[in-house]
Amino acid sequence: MRRRTFLVITLSLWLCLSLAFGAAAQTSSPQAMLLDQLKDLSTPYPGEFYDKSTSKGQLKITRFSGSLAEMTGLKLQGAVIDLDSKLNASEKKMAIDMRVNLQGHTYPVRAYLDGDKVILDKSFLELLRHMLPPEAGPSEDELRLLPTYLYVQGPELGDIWKNISYYREQQMPPELKELLRFFLEAIPSKYFRVTPTQFTLELDQAGWEETLGNLVEKVKNEKERFAELVANFVSSSGATVSLGPAPNSMFTRAVMPSDLDPKKMREQLKRDIVQKIDEAVKAGDYPTRADAHELAQNFRLQEFCYRASLLPGGTKELKAAWTFVDEGKTLGGLEINSSCVGTRGDSRSNTALKLHLLLPEGLRISGELASNALIQGQQANSHVTITARAVDEKTGKVQLDLELVGDSTDRVDPNVKVETPQLTPENSVNLETIAPTPPPTPVTLPHPANVILELNGQLFFAEPPAFIDQNNRTMVPARALMEALGCQVNWNPVNREVTVTKGDKVIKMYIDQKAYSVNGVTKKMDTAPIIVGDRTFVPLRFVAQEMVGVRLEVGQEHGLTVVNILTP
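Only a predicted model underlies this, so the values are computations on that prediction, with no experimental measurement involved. (Residues numbered from 1 in each chain as written. Predicted model: local features only at pLDDT ≥ 70, side-chain atom pairs only at ≥ 80, totals over all residues. Heavy atoms only, no water.)

1. Describing the overall build of the protein chain
This is how the line gets drawn: Comment: elements are numbered from the N terminus, with helices defined as DSSP H or I runs of at least four residues and strands as E runs of at least two. Partly exposed residues are those whose accessible area sits between 20% and 50% of the maximum for their type, while under 20% is buried and over 50% is exposed, using a 1.4 Å probe and protein chains only. Note on definitions: a residue-residue contact is assigned when non-hydrogen atoms from the two residues lie within 4.5 Å. In this description, accessible areas are obtained by the Shrake-Rupley approach with a 1.4 Å probe, and a residue is regarded as covered only by the protein chains that are shown.
If you tally the helices and strands in the protein chain, you get 13 helices and 29 strands. Within the protein chain, the proportion of its 568 residues that are buried is 46%. Long-range contacts, defined as pairs at least 24 residues apart, comprise 60% of the intrachain contacts of the protein chain with a sequence gap of at least 6. When the accessible area of the protein chain is evaluated, it comes to approximately 28000 Å², of which 52% is carbon and sulfur surface.

2. Thoughts on unusual backbone geometry
Positive phi, normally seen in glycine, also occurs at Lys-92, with a value near 60°. Phi at Asp-512 takes a positive value of approximately 65°, unusual for a residue other than glycine. Within the fold, Asp-512 resides in the loop between strand E23 (505–510) and strand E24 (515–518).

3. Overview of the environment of Arg-266
Relative to the elements of secondary structure, Arg-266 occurs in helix H9 (residues 262–283). Given a relative accessible area of 25%, Arg-266 falls into the partly exposed group. Taking the C-alpha atoms as reference, Arg-266 lies 9.5 Å from Ala-227; in sequence the two are 39 residues apart. Ignoring any residue separated from it by four or fewer positions in sequence, one finds Arg-266 in contact with Ala-231, Asn-232 and Ser-235.

4. A look at the sheet that holds strand E28 (residues 551–557)
Here is the rule: Paired strands, as defined in this entry, are two strands with at least two bridges between them according to DSSP. Note on geometry: axes are lines fitted to C-alpha atoms, helical ones only across the stretch in contact, with angles between N-to-C directions running from 0 to 180 degrees.
A sheet is described by the order of its strands in space; here four strands give the open sequence E18-E17-E29-E28, paired in mixed fashion. Across the chains shown, the open sheet's two edge strands, defined by having one partner strand only, are strand E18 (458–460) and E28. Going from strand to strand, the sheet's axes swing by 35° on average, the running direction of each strand aside.

5. A few points about the packing of aromatic side chains
Formally: Note on aromatic contacts: the rings of Phe and Tyr and the six-membered ring of Trp form a pair at centre separations within 6.5 Å, being stacked when their planes are under 30 degrees apart, edge-to-face when over 60 apart, and tilted otherwise.
Scanning the model with the defined rule gives nine aromatic pairs in all. Between Phe-182 and Phe-226, the aromatic rings sit 5.4 Å apart at their centres with planes inclined by 40°, giving tilted as the arrangement. On the criterion of sequence distance, the pair formed by Phe-182 in helix H6 (residues 174–184) and Phe-226 in helix H8 (residues 223–237) is long-range, its members being 44 residues apart. Judged by relative accessible area, Phe-226 falls into the buried class, the value being 14%. Among the aromatic residues, those joined into a cluster by ring pairs are Phe-182, Phe-183 and Phe-226.

6. A word on the pattern of salt bridges
Cut-off, in case you're wondering: Salt bridge criterion: a side-chain nitrogen from Lys or Arg within 4 Å of a carboxyl oxygen from Asp or Glu.
According to the stated counting rule, one finds 21 salt bridges in the structure shown. The salt bridge partner of Glu-202 is Arg-193, with a shortest N-O separation of 3.5 Å.

7. Section: the confidence of the model for the protein chain
Selection criterion: Per-residue confidence from the prediction method is given by pLDDT, with values spanning 0 to 100.
Chain-level pLDDT for the protein chain is 81 on average; 82% of the residues reach the 70-or-more range. When the criterion is pLDDT under 50, residues 239–260 qualifies, and its contacts beyond four places in sequence or with other chains add up to 69 contacts. Predicted confidence is poor over residues 437–448, with pLDDT under 50, and the contacts of this stretch with residues over four places away or in other chains come to 15 contacts.

8. Description of helix H10 (residues 289–298)
We apply this condition: Along the arc lie the directions from the helix axis toward the C-beta atoms.
When H10 is considered as a whole, its buried residues turn out to be Asp-291, Ala-292, Leu-295, Ala-296 and Asn-298. Within H10, the buried residues cover an arc of 150° as seen down the axis, which keeps them to one side.

9. A closer look at the sheet that holds strand E19 (residues 467–468)
Strand order across the open sheet formed by four strands is E19-E20-E27-E26, with antiparallel pairing between neighbours. Across the chains shown, the open sheet's two edge strands, defined by having one partner strand only, are E19 and strand E26 (530–532). Bridge analysis of E19 against strand E20 (residues 474–477) gives two bridges, and the strand direction is antiparallel. The partner of Ile-468 across the bridge, within E20, is Thr-474.

10. Description of helix H3 (residues 123–131)
Two residues of an α-helix separated by three or four positions point the same way, owing to the 3.6 residues in each turn. Looking only at H3, the buried set comprises Ser-123, Phe-124, Leu-125, Leu-127 and Met-131. Looking at the packing, one finds that the buried side of H3 touches strand E3 (93–102), strand E4 (105–114), strand E5 (117–121), helix H4 (140–145) and strand E6 (149–153).

11. Regarding the side chain of Ser-408
For clarity, the threshold we go by: For the purposes of these results, a polar contact is taken to be a pair of N or O atoms within 3.5 Å, where, inside protein, one atom must be able to donate a hydrogen and its partner to accept one; residues adjacent in sequence count only when each atom of the pair is a side-chain atom.
Here Ser-408 is to be found in strand E15 (residues 398–412). Within the structure, Ser-408 has its side chain in polar contact with the side chain of Ser-382 (distance 2.7 Å).

12. A look at the nonpolar core
A general feature of soluble globular proteins is that nonpolar side chains tend to end up buried together. Basically, it comes down to this: Definition of nonpolar core: a set of buried residues of the types Ala, Val, Leu, Ile, Met, Phe, Trp, Tyr and Cys, connected through side-chain atoms within 4.5 Å.
With 30 residues, the main nonpolar core has Leu-453, Leu-481, Met-482, Val-500, Met-509 and Ile-565 as its most contacted residues. The element best represented in this core is helix H13 (residues 540–544), accounting for four residues. Setting aside anything within four residues of it in sequence, one finds Leu-453 in contact with Gln-458, Leu-459, Phe-460, Ala-466, Val-476, Leu-540 and Val-563. If you look at the next biggest cluster of nonpolar residues, it comprises 24 residues, including Leu-83, Leu-127, Met-131 and Ala-390.

13. Re the pairing of E3
Bridge count between strand E2 (residues 80–88) and E3: nine bridges; the pairing is antiparallel. Within the sheet, the bridge partner assigned to Asn-88 lies in E3 and is Lys-93. The hairpin formed by E2 and E3 contains four residues between the paired strands, and Lys-92 there has a positive phi angle of roughly 60°. Summarising the sheet, E3 and E4 pair through 10 bridges and their orientation is antiparallel. By the bridge assignment for E4, Asp-97 is matched with Arg-110.

14. Notes on the side chain of Thr-385
Looking at the element boundaries, Thr-385 is found in strand E14 (residues 379–392). Only 3.0 Å separates the side chain of Thr-385 from the side chain of His-383, close enough to count as a polar contact. Not counting the four nearest positions on each side in its chain, Thr-385 is found in contact with Glu-368, Leu-369, Ala-370, Glu-403, Leu-404 and Val-405.

15. What to know about the environment of Tyr-286
Positionally, Tyr-286 belongs in the loop between H9 and H10. A sequence separation of 70 residues divides Tyr-286 from Val-216, and the C-alpha atoms of the two residues are 8.4 Å apart. Of the polar contacts made by the side chain of Tyr-286, one reaches the backbone oxygen of Val-216; its length is 2.6 Å. Polar side-chain contacts of Tyr-286 include one of 3.4 Å to the backbone nitrogen of Lys-220.

16. As for the pairing of E20
The two faces of E20 match: Thr-474 and Val-476 on one face and Met-475 and Pro-477 on the other face are all buried. Linking two consecutive strands that pair antiparallel, namely E19 and E20, is a turn of five residues; a positive phi of about 65° is found at Asn-472 within it. One ladder, built from three bridges, connects E20 with strand E27 (residues 535–539); its direction is antiparallel. In the sheet register, Met-475 faces E27, and the bridge partner there is Pro-539.

17. Some words on the packing of helix H7 (residues 205–221) against H10
Using the following cut-off: Oblique is the label for any angle not covered by the other classes, which are roughly parallel (under 35 degrees), roughly antiparallel (over 145) and roughly perpendicular (65 to 115). By definition, any crossing whose near helix is turned counterclockwise from its far helix by less than a right angle is left-handed, and any crossing with a clockwise turn is right-handed.
Here H7 crosses H10 at 135°, and the two axes come no closer than 9 Å. Between H7 and H10, the crossing angle belongs to the class labelled oblique. The hand of the H7/H10 crossing is right-handed. For the pair H7 and H10, the contacting residues are Gln-205, Trp-208, Glu-209, Glu-210, Leu-212, Gly-213, Asn-214 and Glu-217 in the first and Arg-289, Ala-292, His-293, Ala-296 and Gln-297 in the second.

Below, the structure written as structure tokens:
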């Protein structure tokens with residue numbers, strides 16, 4: 001248990017240090033890495049790239065084979081993806097036009113980021129239909145029933161623009177900066193050297209062991225601070241961070257929204273981290289300095305040196321290497337080399353990562369990443385190659401052979417115009433409302449019925465009868481009542497959608513989903529529509545409150561609930 005706990009902490013330290021110094025190797029502020037003086041780090045791209053810019057790029061999947069590739073059912077070898085994107089951060093809009101060439105067919109796919117929405121046109125489903133086995137992909141009938149646009153929406157998506165603004169202002173997101181500060185505080189100051197012209201951080205094996213020991217003690221002694229920093233970082237970034245990406249390229253990642261309220265998620269994560277640390281300490285499983293020494297022997301540091309010239313246009317570089325050892329046997333290693341020379345807006349950078357590892361079960365894994373970027377004024381050209389290979393040493397069978405090659409050109413364009421689609425209830429649907437859900441829990445109607453419905457004071461007979469569900473909400477048969485109220489009711493069996501239309505009001509509800517929409521605006525109720533037998537039941541109050549002029553009067557008679565529906 002100690003070793004597993006310590007491994008997580010060690011890998012976290014390695015990741016954060018690599019991110020910090022890999023980014024610093026491409027900045028003009030290396031002095032920012034001084035202990036307790038961590039200031040803003042910037043990417044090599046001038047801020048204008050993160051405001052208004054265009055990008056053209058291409059990603060080639062030159063190799064994709066092996067037993068693992070076959071298991072996915074995806075036929076990706078030889079695929080070529082051309083991308084053409086536009087960014088206008090001031091308006092919070094981004095458009096990506098993709099053309100995917102796969103096995104002789106070209107599939108156009110368009111994606112948009114508009115405020116707090118990620119929008120896809122359904123052409124990407126055509127692509128999935130071609131890529132996936134027939135039983136896994138969407139059918140022609142399903143595609144025909146879907147509207148033109150599919151989208152997800154949430155405040156977490158809006159955070160993307162906040163992070164872009166940090167890069168535009170040439171800053172590091174504060175949550176990441178403070179988390180890195182915590183890790184860097186574990187490094188003894190004797191390993192930092194500063195001269196008038198150069199800043200250096202260099203660790204040897206002894207320094208690596210000392211840093212690991214300091215870190216585990218620091219996490220235990222400052223558990224509340226550590227938990228808060230991690231929780232803030234995760235909740236602000238969606239657990240996804242990108243240091244110094246091309247601002248408008250194929251490598252930018254979007255974060256999908258979480259179902260949890262960000263504040264509640266942050267507080268819960270903080271409690272969980274503190275609890276796990278307390279439990280490990282109480283059980284005697286929390287790592288000690290002796291454990292740090294043992295683990296440092298298993299993850300031996302061969303080299304860790306970050307140097308940055310403090311002169312304008314000077315070189316910044318990181319060289320790091322680890323060897324993985326188990327019971328005296330070398331299993332593999334990791335190497336990182338990164339360098340950057342020049343000033344912001346006129347620089348060249350290169351990064352290379354190499355990993356090789358032999359697992360105890362005889363699986364040999366290797367991977368490489370090589371990237372370079374050339375930035376000259378308002379244009380940036382970048383290239384990346386990623387390879388991964390996994391071979392069973394006992395049988396010689398290749399489990400994975402993958403190679404990706406990408407190129408992109410970014411340009412600052414102050415006059416860029418980004419057009420995003422105008423979503424309406426007729427041309428779009430929220431993906432959250434049609435996501436696969438577990439089968440509904442069977443519902444047995446109360447017998448005899450415990451609810452009596454009246455329409456403007458007159459008894460309204462519904463079959464099956466209305467009932468009160470476990471959330472204390474009155475559920476009514478959708479078609480019978482809504483049509484009596486003068487509404488049009490439509491049912492889409494593919495996405496299990498009930499659409500109620502009256503005049504210019506369109507309400508969309510989904511079986512077993514608490515989210516619903518009114519004229520395209522997503523809302524939530526505290527219960528969900530269900531199917532009983534072959535009839536759809538919807539919550540009366542939530543439908544009634546969306547109908548102009550409709551009121552409900554609720555009373556009790558002879559132990560029964562009487563609901564009188566009053567219309568204008």
